[in-house]
Amino acid sequence: MKKVFDGSLYARALWTLILLALLPLTVLGLFGYHTFSRMMLEMIAESNFRTLDQVAERTERFYTDIEDILVQTSIHPGIQEIVRNRPQEEWKAYQQARFIAEYTNLLIKNNPEISKITLINKSGIRFDSLGRFGQNKWIPVPEAYRELEARLTEGGEIAAVGPIYRDMAGAYMLPIGKPVVDLLNGKQLGIVIADLNLNAVNRELSQVRLLQSGTVALIGPNQKVIYDPSLRTGEFASDSGFRKVKAGSLFIERNDNGEDFLYLRLPLAHLGWTLYGKIPYEDIAGRIDRIRNLFLIFSLVIIIVIGLVAVSLRRIVVKPLRKLQQVMRRVQTGEFNFRVPSHRNDEIGQLAESFNHMVGQLDHLIQQVYEVKLNESQALLYQKQAELDALQAHTTPHFLYNTLNSISWFAHRKGVREIQLVVDSLSTMLRYSMGQSSKFVTLEEELDYIRLFANIIDFRYEGGFRFKYDLPADLKQIRLPRLTIQPLVENAIKHGYDDFDGSGEIRISALREEDAVVITVRDTGFGMEPQHVDRLKAALLDGLADNDNGWSRENRQGVFEGGPVC
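Residues numbered from 1 in each chain as written. Predicted model: local features only at pLDDT ≥ 70, side-chain atom pairs only at ≥ 80, totals over all residues. Heavy atoms only, no water.

What about the overall build of the protein chain?
Going by this rule: We count a stretch as a helix when DSSP gives it H or I for four or more residues in a row; a strand needs E for two or more, and each element gets its number in order from the N terminus. Throughout, exposure labels follow a simple rule: accessible area from a 1.4 Å probe, protein chains only, divided by the maximum for the residue type, with under 20% read as buried, over 50% as exposed, and the rest as partly exposed.
Counting its regular elements, the protein chain contains 15 helices and 17 strands. Buried residues in the protein chain amount to 35% of all 566 residues.

See below:
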């Protein structure tokens, strides 16, 4: 081997191609195939895990929707009164049952997966969304209800999922219950139960496909089937792959028919169920085999190209390069004034001419490259700083919007409508005041902004202020600078009502006078002395006389043309 590498340049190049191309390519091909197969399997599993996450989110949304409906039902004052007091007259009981049916049906109107809602008080009186009422001994009660009632009453659970049962129509139902607690003394008055129709859940799951033919399965406690395309609800899940696969991981199992399947598992925390994915390995192998065949074809092409390069290398490249190498060695000794004689017009000749030019310009190019690199580094630094400044400028208002939306959502959940209204108004005002699309807006948009401001004032002064607007239709599209009217309204409140007595009125109107539009803000405050008004007019007009901002003297005077309104 040593003699081979001590021989001619061509021999060394040929053996180098064999050792550095053919041999590594063979090893790399085997290693790459196994590595890529594993990576492909993990990517497929990750992609299908995302699909399972979406399915799980939708399935758990059934539970959260039901939980919200149960809360709304249990805290309704009318329902609290019905459950708290046992009706003495049959007609009164009928009216109560009708009220409960209408209210609960309104709640589940947009949730077709909920079959019905049932209320049971401590005396055993039962009302449901079907309009039925009476004691449990008069109306057939599923055994699942009794178990759920025991858990909520005796077990002290705040919410529970009962066992699956079949209703009189043969549909599979999952009861989800919550205690009805007296809002006055905290004592339990009864329970409220919502029946989740599993047929609706199964219909959605039946439409899910993983790769070409993979399916999902939903398994409940004790390995009982909620949904499996090959089994019925309530049957035992006999597939061993479901029991072996761990949560958040993948597992490959071969069934009794010799078929391999990829299993995925995702738990559903609220319901206590487990979502499984089952994908035939043939679907995965088909994708891997196509990539492997392409890799083998590419490797074969590389080998052929290497052989052609080796054949032509000696004649075209090796000999001319040897001559050029001799000259380069002389240059390495410090003979920078030496030039390579060249009589060829091909690439080797151009390489010789380039070498001659390179030696003469070496010092100049080194300095030039240094300067260019320095300038590029500075330019890159400025660019990154500009990107960071732009990102910070975008993040601050975006953070404020998200914060206000979170407060609004929390207020909505807690039923504090006044705070929700004020926060929503403040959020919209913030977007309007920070809007960069145009510095000018229409008069209609400006008054919409004032209405949001009025919502906040109304909340602050507990409805003590009244706002009235008079905007003719033909003036709605008049354009004016953004935030022109709001400071006038704010000053009217601040300076016109220093001693606020609990009532006030602000009137905003607009009218056309010849070629101008006059906007007036009037208040019912105590106003100013005439002498003070005259002095303020004179000072304002003198201070703005040289300000070329498009506002006429008459418009500035209009600021002071106000007075009490009836």
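Re helix α3 (residues 77-84)
Formally: Our arc is simply the arc of the directions from the helix axis toward the C-beta atoms.
Buried residues of α3: Ile79, Gln80, Ile82 and Val83, and no others. Along the axis of α3, the buried positions cluster into a sector of 165°, meaning they face one direction only.

Focus on the nonpolar core
One broad rule of soluble globular proteins: the nonpolar side chains tend to lie buried together. Quick reminder of the rule: Each nonpolar core is a collection of buried residues, namely Ala, Val, Leu, Ile, Met, Phe, Trp, Tyr and Cys, held together in the definition by side-chain atoms within 4.5 Å.
With 54 residues, the main nonpolar core has Leu119, Leu174, Val216, Leu218, Trp273 and Leu275 as its most contacted residues. Within the second largest apolar cluster, 24 residues are counted, among which are Met429, Ala454, Ile493 and Val521.

Observations regarding the packing of helix α12 (residues 443-460) against helix α13 (residues 486-496)
For any two helices packed against each other, the geometry is given by the interaxial angle and the distance between the axes. The following threshold applies: Only the contacting stretch of a helix is used when fitting its axis, a line to C-alpha atoms as for every element, and angles between N-to-C directions run 0 to 180 degrees. The labels follow the angle: roughly parallel below 35 degrees, roughly antiparallel above 145, roughly perpendicular from 65 to 115, and oblique for the rest. Helix crossings get a hand from a simple test, with the near helix turned counterclockwise from the far one by less than a right angle marking a left-handed crossing and a clockwise turn marking a right-handed one. Should any heavy atoms of two residues lie within 4.5 Å, those residues are considered in contact. Classification convention: Asp, Glu, Lys, Arg as charged; Ala, Val, Leu, Ile, Met, Phe, Trp, Tyr, Cys, Pro as nonpolar; all other residues, Gly among them, as polar.
Close contact between α12 and α13 brings their axes to 10 Å; oriented N to C, the two are set at 30°. Relative to α13, the element α12 lies roughly parallel. Considering how the two elements wind past one another, α12 and α13 form a crossing that is right-handed. Along its contact with α12, which presents Glu446, Tyr449, Ile450, Phe453 and Ile457, the element α13 presents Gln486, Val489, Glu490 and Ile493. Its residues assigned to classes, the contact of α12 with α13 shows 6 nonpolar, 1 polar and 2 charged.

Topic: α12
Because an α-helix completes one turn every 3.6 residues, residues spaced three or four positions apart along the sequence face the same direction. For the record, the criterion: The span expected for a helix works out to 1.5 Å for each residue beyond the first.
Between its first and last C-alpha atoms α12 spans 26 Å; for 18 residues at 1.5 Å apiece the expected length is 26 Å, and the two agree. Considered for burial, the residues of α12 that qualify are Leu443, Glu446, Leu447, Tyr449, Ile450, Leu452, Phe453, Ala454 and Ile457. At the exit of α12 stands glutamate 462, carrying a positive phi of roughly 55°.

Some words on the packing of α3 against helix α4 (residues 90-107)
At a minimum axis separation of 11 Å, α3 and α4 run at an interaxial angle of 140°. Relative to α4, the element α3 lies oblique. For the pair α3 and α4, the sense of crossing is left-handed. Within the contact between the two elements, α3 uses Gly78, Ile79 and Ile82 and α4 uses Gln96, Phe99, Ile100 and Tyr103. Of the residues that constitute the contact of α3 with α4, the class distribution is 5 nonpolar, 2 polar and no charged.

Concerning a nonpolar patch on the surface
Cut-off, in case you're wondering: Here a patch means residues that are over 30% exposed by relative accessible area and free of salt bridges, tied together within 9 Å if like-charged and within 5 Å if nonpolar (Val, Leu, Ile, Met, Phe, Trp, Tyr). Only the protein chains shown count as cover for residues, and the accessible areas themselves come from Shrake-Rupley with a 1.4 Å probe. Any carboxyl oxygen of Asp or Glu within 4 Å of a side-chain nitrogen of Lys or Arg constitutes a salt bridge here.
A surface patch of nonpolar side chains, about 550 Å² in accessible area, is lined by Trp15, Ile18, Leu19, Leu20, Leu23 and Val27. By the element assignment, leucine 20 lies in helix α2 (residues 9-75). We classify leucine 20 as exposed; its relative accessible area is 63%.

Here's the deal with the sheet that holds strand β9 (residues 225-227)
Selection rule: Any two strands between which DSSP finds at least two bridges are classified as paired.
Pairing is antiparallel across the open sheet formed by 5 strands, whose spatial order is β9-β8-β12-β11-β10. Only two strands of the sheet have a single partner each, and these edge strands are β9 and β10 (250-254). The average angle at which neighbouring strand axes cross in this sheet is 30°, direction not considered. For strand β8 (residues 215-219) and strand β12 (residues 273-280), the ladder comprises 5 bridges, and the chain directions are antiparallel. What sits directly across from alanine 217, in β12, is tyrosine 276. Docked against the sheet, helix α6 (residues 198-206) engages β8, β9 and β12, running at close to 65° with respect to β9.

Some words on the pattern of salt bridges
Within this structure, the stated rule accounts for 13 salt bridges. Here glutamate 57 makes a salt bridge to arginine 61, at a shortest N to O gap of 3.4 Å. Highlighted residues: glutamate 57 and arginine 61, both in helix α2, separated by 4 residues, approximately one helical turn. Take glutamate 57: its relative accessible area is 49%, and that puts it in the partly exposed class. Exposure remark for arginine 61: the relative accessible area of 33% places this residue in the partly exposed category. Glutamate 102 is the salt-bridge partner of arginine 98, the closest N and O atoms lying 3.3 Å from each other. Here arginine 98 and its partner glutamate 102 are both found in helix α4, 4 residues apart, which amounts to about one turn of the helix. Classification of glutamate 102 by relative accessible area gives partly exposed; the value is 49%. Within this structure, Arg466, Lys468, Glu505 and Arg507 form a network of salt bridges that share partners.

Structural notes on the environment of glycine 220
One can find glycine 220 in the loop between β8 and β9. Taking the C-alpha atoms as reference, glycine 220 lies 9.5 Å from isoleucine 164; in sequence the two are 56 residues apart. Sequence-distant contacts of glycine 220, defined by excluding residues within four places in its chain, comprise Ile226 and Trp273.

Structural notes on the packing of aromatic side chains
Heads up, the condition is: Stacked, edge-to-face and tilted are the three classes for Phe, Tyr and Trp ring pairs, Trp counted by its six-membered ring, which pair at centre distances within 6.5 Å; planes under 30 degrees apart are stacked, over 60 edge-to-face, the rest tilted.
With the rule as written, the count across this model stands at 4 aromatic pairs. Ring geometry for tryptophan 91 against tyrosine 94: centres 5.4 Å apart, planes inclined by 25°, an arrangement best described as stacked. Remark: tyrosine 94 and tryptophan 91 occur in helix α4; sequence separation between them is 3 residues, near one turn of the helix. Look at tryptophan 91 and you get exposed, because its relative accessible area is 56%.

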